[in-house]
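# Chain and residue survey
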Amino acid sequence: KILERAAEKGTVILFDKGRYDFWPEYAIRRNYYESNTTIVNPRTCAMLISKTGNLTLDGNGSEFVFHGKMQPFTIDSSKNITIRNLSIDWDIPFGAEATIEEVSDDHFDLSVNGCQFPHLIENKKLVFVGEGWKEIWGGVKWNDPIQFDRLTHEVSLGTDDDLLGETWESNYTAEALGEDRVRIWLKNNSKLKKGNYLAFRIGVRDHAGVFMTDSRDISLENINMYSNSGMNFLAQFTENISYKNVNCI
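The structure contained in this document is the topic of the report that follows. If you're wondering where the values come from, they're calculated on a predicted model, not measured in any experiment.

## As for the layout of surface pockets
Here the largest pocket defines a volume of roughly 1,300 Å³. Around the largest pocket, the lining is made up of 39 residues, and of these Gly 95, Ala 96, Ala 199, Phe 200 and Tyr 226 lie nearest the centre. Going through the elements one at a time, strand 7 (79-90), strand 8 (95-103), strand 13 (146-148) and strand 16 (197-201) are the ones with two or more residues in the lining of the largest pocket. Here the lining of the largest pocket is built from residues that sort into 21 nonpolar, 10 polar and 8 charged.

## Overview of the pattern of salt bridges
One pass over the structure, following the stated rule, counts 14 salt bridges. Note that Arg 19 and Asp 91 form a salt bridge whose closest N and O atoms lie 3.2 Å from each other. Remark: Asp 91 occurs in the loop between strand 7 and strand 8 and Arg 19 occurs in strand 2 (residues 19-22); sequence separation between them is 72 residues. For Arg 19, a relative accessible area of 46% gives the class partly exposed. Between Arg 216 and Asp 217 there is a salt bridge; the shortest N-O distance is 3.2 Å. With relative accessibility at 37%, the residue Arg 216 sits in the partly exposed group.

## Notes on the sheet that holds strand 13
In spatial order, the strands read 13-16-8-9-15-14; together these 6 strands make up an open sheet with antiparallel pairing. In the strand order of this sheet, the two ends are held by strand 13 and strand 14 (173-178), each with one partner. Strand-to-strand twist of the sheet, defined as the mean angle between neighbouring strand axes without regard to direction, takes the value 35 degrees. Sheet topology note: the strand 9 (residues 107-111)/strand 15 (residues 181-185) ladder contains 5 bridges and is antiparallel. Bridge pairing links His 107 to Trp 185 in strand 15.

## A word on the sheet that holds strand 3 (residues 28-30)
The mixed open sheet is built from 5 strands, whose spatial order is 3-4-6-17-19. Of all strands in the sheet, those with a lone pairing partner are strand 3 and strand 19 (233-236), marking the two edges. Looking at each pair of strands side by side, their axes are set apart by 35 degrees on average, direction ignored. Of the strand pairs in this sheet, strand 4 (residues 43-50) and strand 6 (residues 71-76) are connected by 5 bridges, and their pairing is parallel. The residue bridging Ser 50 from the neighbouring strand is Asp 76, located in strand 6.

About the thresholds
Residues numbered from 1 in each chain as written. Predicted model: local features only at pLDDT ≥ 70, side-chain atom pairs only at ≥ 80, totals over all residues. Heavy atoms only, no water. 1 Å grid on protein atoms, 1.4 Å probe; cavity = no way out; pocket = protein on both sides within 12 Å on 5 of 7 lines; lining within 4 Å. Points joined across faces, edges and corners; volume = space filled by probe spheres on them. Helix = DSSP H or I, 4+ residues; strand = E, 2+ residues; numbered from the N terminus. Nonpolar A, V, L, I, M, F, W, Y, C, P; charged D, E, K, R; others polar. Salt bridge = Lys/Arg side-chain N within 4 Å of Asp/Glu carboxyl O. Buried < 20%, exposed > 50% of the residue type's maximum accessible area, 1.4 Å probe, protein only. Pairing = 2+ DSSP bridges. Axes fitted to C-alpha atoms, helices over the stretch in contact; angles between N-to-C directions.

Right, here's the structure in full:
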């Protein structure tokens, strides 16, 4: 309702500093065809800024935490829009992290925090579970993990998007070893190193974090994006975009 009123004239929306939780049940849903993003319409738009001018949304250092598959900010057919001083995160993220515990010729063992990244083994596949969604790791193309060096926290030397080979999705099986421990049966694991970290991608790119379309004169300031299932900041048919202290972490 505040955003609808703001569409009538220029205004500043200033949040009290705190944590704000957003759920998808009563959000606005609209069809959008977004660049480099899987077509999963309608998109669930937590905050839709549409046909609006001269609006500033100031989070005042707040945490915006989302639940389920949502597009946090959508700026559509608007101009002179500023979003600043906030962080964007999900209570249960669409990616996961694991520590490589052991590597053998035909398998590797992982430690995955079940509180941060809820998961289970189903039909011999590793399945991650969130609020209103469940995704098989490797259930779609481009779920390749990325290996990070445990000391430098940088992508491991000599690894790439094809870390486990081209057909790993169909070749691996998973086995539960106990609380927060998973064994992945897969022979193509020679690039893995004990103690390193794996970053998992889950599902498809079904929304952006901040999506801008058919707009102009957009300013994004002091924003930390901690998790997202698609492009963090995505603009199409939009001009004059300013980013200041914007981080994808």
